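# Residue-level structure breakdown
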Amino acid sequence: MAPESPTIIYNFGQLYLAKGETDKAIESFKNAIAKKPLFVKAYDAIGEIYEDMGDVQSAIKYYEAAHDISPSNTDRLITLSKLYNRAGETDRAENILKDAVSDVRQDVSTSGHLMGELYLAKNENEKALEILVKAYKKNPSDTSIMQSLAEAYRKVGQPEQAIEIYNGILKINPNNAHAYYSM
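Before going into details, it helps to say that this report is about the structure given with it. Starting afresh in each chain, residues are numbered from 1 along the sequence in its written order. Given that the model is predicted, a residue must reach a pLDDT of at least 70 before its local features are reported, and side-chain atom pairs must reach 80 or more before they are shown or counted; all residues, however, enter totals for whole chains, interfaces and linings. Water and hydrogen atoms were dropped before computing side-chain values, which therefore reflect all heavy atoms in the structure.

Let us now look at the packing of helix H9 (residues 143-155) against helix H10 (residues 159-172). Helix axes are fitted to C-alpha atoms over the stretch in contact, other axes to C-alpha atoms as well, and angles between N-to-C directions run from 0 to 180 degrees. The helix count covers DSSP runs of H or I at least four residues long, the strand count covers runs of E at least two residues long, and both are numbered beginning at the N terminus. The contact between H9 and H10 brings their axes to 7 Å, and the two run at 165 degrees. Judged by the angle between their axes, H9 and H10 are roughly antiparallel. For H9 against H10, the interelement crossing comes out left-handed. Counted together, Thr143, Met146, Gln147, Leu149, Ala150, Glu151, Tyr153 and Arg154 of H9 and Pro159, Gln161, Ala162, Ile165, Tyr166, Gly168, Ile169 and Ile172 of H10 form the full contact between these two elements. Here the word oblique covers every angle except those under 35 degrees (roughly parallel), over 145 (roughly antiparallel) and from 65 to 115 (roughly perpendicular). Should the near helix be turned anticlockwise from the far one by less than a right angle, the crossing is left-handed, and should it be turned clockwise, the crossing is right-handed. Here, two residues are considered to be in contact whenever any of their heavy atoms come within 4.5 Å of each other.

This is how it looks when you write it as structure tokens:
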């Protein structure tokens, strides 16, 4: 007997993913979407799997679907921008961040984070650092902003500050694999 609830099907996908069974996880997430076409978390989960597998185009497809449903997720926008850059679509990468910035101008930390990512993508690292420092001061516990700030510090040749930020991320989230990897 198969479960009917999209949430339960999604959770089975998470279990398969934890066991390393990515094909079964993707199938579960797709089944959850079939039952609930606006299930954003399932689209994101599939996008993340494809991103981890290095399948940039498939990752973009699923992140774009999630973005169409819920366009205000900052982390997803940044991920999409980075994927567009990896796919050689720098104009799309820049445009998605510019559009997002105009949508969130009232939220200084979010718009600053997006602008900082935009400058990082264009290798304007000093500008990125300046904006990301301001975003961080407005929201010092946002690990996504901290991650971008640490990257900016690394790109301008200030690894000590980057490590300090990564350590701050680990104080907030001790299991942040990206922070460990980056250090």
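With that out of the way, let us pick up the pattern of salt bridges. Salt bridges are defined by distance alone: a side-chain nitrogen of Lys or Arg within 4 Å of a carboxyl oxygen of Asp or Glu. Under the counting rule described, the total for this entry stands at 12 salt bridges. Across the pair Glu21 and Lys19 runs a salt bridge, and its minimum N-O distance is 3.6 Å. Burial classes follow relative accessibility: with a 1.4 Å probe on protein chains only, a residue under 20% of its type's maximum area counts as buried, one over 50% as exposed, and anything between as partly exposed. On the basis of relative accessible area, Glu21 is assigned to the partly exposed category, the value being 24%. Taking the shortest distance from any N to any O, the salt bridge between Lys82 and Glu151 comes out at 3.8 Å.

Under the 1.5 Å per step criterion, the end-to-end length of helix H8 (residues 125-138) is 20 Å for 14 residues, consistent within 8% with the ideal 20 Å. Taken as a whole, H8 has its buried residues at Asn125, Ala128, Leu129, Leu132 and Ala135. Mapping the buried residues of H8 onto a view down its axis gives an arc of 130 degrees, with all of them on the same face. Turned more than 90 degrees away from the buried face of H8, the exposed residues are Glu126, Glu130, Lys134, Lys137 and Lys138. One fewer than the residue count of a helix, multiplied by 1.5 Å, yields its expected span. Working definition: the arc comes from the directions between the helix axis and the C-beta atoms, pointing outward to the latter.

Once that is clear, we can look at the packing of aromatic side chains. Whether two aromatic rings pair depends on their centres lying within 6.5 Å, for rings of Phe, Tyr and Trp, where Trp uses its six-membered ring; planes under 30 degrees apart make the pair stacked, over 60 edge-to-face, and the rest tilted. Applying the stated criterion to the full structure yields 4 aromatic pairs. Considering the side-chain rings of Tyr10 and Phe29, the 5.3 Å spacing of their centres and the 45 degrees angle between planes classify their relative orientation as tilted. Within this pair, whereas Tyr10 is found in helix H1 (residues 6-18), its partner Phe29 is found in helix H2 (residues 22-35), the two being separated by 19 residues in sequence. Taken individually, Tyr10 and Phe29 each receive the classification buried, so the pair is uniform in this respect.

For soluble globular proteins, the rule of thumb is that nonpolar side chains tend to be buried together. Throughout, nonpolar core names a set of buried Ala, Val, Leu, Ile, Met, Phe, Trp, Tyr and Cys residues whose side chains join them through atoms within 4.5 Å. Residues Tyr10, Phe29 and Ala42 are the most contacted members of the largest nonpolar core, which totals 32 residues. Only H1, H2, helix H3 (40-53), helix H4 (56-69), helix H5 (74-86), helix H6 (90-103) and helix H7 (108-121) provide two or more residues apiece to this core. The dominant element in this core, judged by the number of residues it contributes, is H3, at 7 residues. For Ala42, the residues in contact, after removing those within four places along its chain, are Tyr10, Phe29, Ala32 and Ile33.

What follows deals with H9. Relative to the 18 Å expected for 13 residues at 1.5 Å per residue, H9 spans 18 Å between its end C-alpha atoms, a close match to the ideal helical length. Within the span of H9, buried status applies to Ser144, Ile145, Met146, Gln147, Ser148, Leu149, Ala150, Ala152 and Tyr153. Between N or O atoms, a polar contact is any pair within 3.5 Å; within protein, one atom must be a potential hydrogen donor and the other a potential acceptor, and residues adjacent in sequence are included only when both atoms are from side chains. The distance from a side-chain oxygen at the start of H9 to the backbone nitrogen of Ser144 is 2.8 Å, and the residue carrying that oxygen is Asp142. Positive backbone phi, approximately 80 degrees, marks Gly157, located one or two places after H9.

So, to be careful, I would describe these as geometric facts and stop short of saying anything about function.
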